[in-house]
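# Architecture at a glance
Each chain, written out:
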Amino acid sequence: MKILLLYHYMSPDDVVSAIHFSQLGAELSKNGIIVDAWPGNRSRRKRRTFPNFSTLNGVNYHRVFDISFNKSNILRLISSLIVQFQWFIRIMEKGEEYDKIIIGSDPIFSTLFMSLVKKYKNSVNIIYWVFDLHPEASIALGYPSQSLFVKLAEKINKTAYHCADKVFVVGECMGQLIKSKYKLEKSFDTIIPWSLLPEENHNTKLIKSRKNKNFHTTILYSGNYGKAHDLDDFLRFAKFCRNDDGIKFYIAGNALEDNDVKNFIFSNKLLNVEALPFVDFSELRLRIESIDYHWVSVRENFSGIVVPSKFFSAVEAKRGVIVNCNERASIWDYTQRYKLGYCVPIDCTDEIYAKVSADMRLEQTKKIHFSNSAAAHDNHFKKEVQVERFLRSIVES
């Protein structure tokens, strides 16, 4: 079998979704599949240039030209169109060489590209792996849902979802949203964004707050803040627990750059909230393992649009999770189904905070959550399980 991967950014780029796509290609290659990939020749963040031809981890890279841009939405759009135009020309010339073509949801307008490919070369077998939903994310951020741009994008999406031979999503909630909105009958397979934690490195020195005898429980909010994620309930929970010397709250990431967050902590005298510095990727596993519970939030209007990969990192590290989202989110379901920690609804009540904080005092409870996380990762979430599911599905399609 010969497979083509089409994603804007791939190895050695360090963007999370680029790593997932690259690792998928490497795992497919290990299973005896010939894997080609045509990403752009520049990295996502620093716009570094990569060789046009190379083989990395069994994947044959034949990169296409990409332009350099720096935080410009217009140039990002132009970059997207340039990359996809070159893909289109190549597929028209030699698309039949591939048994399957796997397309990701980056670059922008990949659904339009996919629809055009199927229109002019319907013989190719296209698998669409959805990481992000557009224009749904724009609508969630406040873009007018009745605008011409949104209506056109939704029409293109509906065509693309119908014409794709197979669609993978990163969470059941995402598949349900797509099926409901675009009135699709086809079933979607879920391939979750598996954890990308580095290998264990016990030589790395890092303060492990979990072992600090002053606290029986530590809770961390880390990663991106804003847009799809917020800290409202995290801070309210910290305020509720401010007289409990046994629970310590930590924040790592860009959240403390927000004035509202800083003002809330200062005005409520939350001495139980502390900032943690950024750590190098090589120390990320130890950072996550040093905390008892990881707080993962998804705003109400982003449910089904994003599935946070840091949830799966916490589970791989055998830690507990506190998910703060609505009940439709996949991470809510996973947390309840596998008993990984606590589900905290948006705009949570003090009654729930009281139950959670009391339960956290029990060391046996934490041990159960940690053990359940280890089992859930090994049996359901780890990369090998996802790749096996992917292989089984594409063979059947």
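So, a few notes on the structure that sits alongside this text. For clarity, every value in this text was computed on a predicted model and none was experimentally measured.

Once that is clear, we can look at the pairing of strand β4 (residues 59–62). Of the two faces of β4, only one is covered, namely that formed by Val59 and Tyr61; the face formed by Asn60 and His62 stays uncovered. With three bridges connecting them, strand β2 (residues 34–37) and β4 associate as parallel partners. Residue pairing across strands places alanine 37 opposite tyrosine 61, the latter belonging to β4. Here strand β3 (residues 53–56) runs beside β4; their pairing, made up of four bridges, is antiparallel. Paired with serine 54 across the strands is tyrosine 61, a residue of β4. Adjacent in sequence and paired antiparallel, β3 and β4 are bridged by two residues, among which asparagine 57 carries a positive phi angle near 50°.

Turning our attention to empty space enclosed by the protein. Applying the stated rule across the entire model yields one cavity of 30 Å³ or more. As a volume, the largest cavity reaches approximately 40 Å³. Cys173, Val298, Ser303, Gly304, Val306, Val307, Pro308, Ala329, Ser330 and Ile331 together form the lining of the largest cavity. Class assignment of the residues belonging to the lining of the largest cavity gives a composition of seven nonpolar, three polar and no charged.

Take the layout of surface pockets next. Its boundaries defined by the atoms lining it, the second largest pocket holds a volume of some 320 Å³. Lining the second largest pocket are 16 residues, and of these Leu197, Glu199, Arg285, Glu316 and His377 sit closest to its centre. Where the lining of the second largest pocket is concerned, the elements lending two or more residues are α13 (363–381) and α14 (383–396). Element by element, the count of residues in the lining of the second largest pocket is highest for α13, at three residues. In terms of residue class, the lining of the second largest pocket is built from four nonpolar, three polar and nine charged.

Remark on secondary structure: sheet strands pair via backbone hydrogen bonds, oriented parallel or antiparallel. Overall, mixed pairing links the eight strands, which are arranged β3-β4-β2-β1-β5-β6-β7-β8 in an open sheet. The two strands at the open ends of the sheet, each matched to only one other strand, are β3 and β8 (189–190). Both strand β5 (residues 100–104) and strand β6 (residues 126–130) contribute to a ladder of four bridges, which runs parallel. Paired with isoleucine 101 across the bridge in β6 is isoleucine 126.

Core analysis: the largest hydrophobic core is formed by 81 residues, its most contacted members being Leu6, Trp129, Tyr161, Ile178, Phe311, Ile331 and Phe381. Looking at this core, the element that brings in the most residues is β6, giving five residues. Excluding anything up to four places from it in sequence, isoleucine 331 contacts Val296, Val298, Val307, Pro308, Phe311, Val323 and Cys325. Ranked by size, the runner-up nonpolar core spans 26 residues in total, among them Ile219, Cys241, Ala255 and Val273.

How each quantity is defined
Along each chain, residues carry numbers from 1 onward, in the same order as the chain's sequence is written. The predicted origin of the model limits local features to residues at a pLDDT of at least 70 and limits the giving and counting of side-chain atom pairs to 80 or more, whereas totals for whole chains, interfaces and linings rest on all residues. Neither water nor hydrogens contribute to the side-chain values; these are computed over all heavy atoms in the structure. Relative accessibility under 20% of the residue-type maximum defines a buried residue, over 50% an exposed one, and the middle range a partly exposed one, all with a 1.4 Å probe and only protein chains included. Here a helix means four or more residues in a row that DSSP labels H or I, a strand means two or more in a row labelled E, and each is numbered from the N terminus. A strand pair is defined by DSSP finding two or more bridges across the two strands. For each structure, a 1 Å grid was placed over the protein atoms alone; sets of points admitting a 1.4 Å probe that cannot get out are labelled cavities, open sets with protein on both sides within 12 Å along at least five of seven lines are labelled pockets, and lining residues have an atom within 4 Å of a point. Grid points are joined across faces, edges and corners, and a volume is the space filled by probe spheres set on the points. All amino acids are sorted into three groups, where Ala, Val, Leu, Ile, Met, Phe, Trp, Tyr, Cys and Pro are nonpolar, Asp, Glu, Lys and Arg are charged, and the leftover types, Gly among them, are polar. Buried Ala, Val, Leu, Ile, Met, Phe, Trp, Tyr and Cys residues that are joined via side-chain atoms within 4.5 Å together make up what is termed a nonpolar core. Only heavy atoms enter the contact rule, under which two residues are in contact if any of them lie within 4.5 Å.

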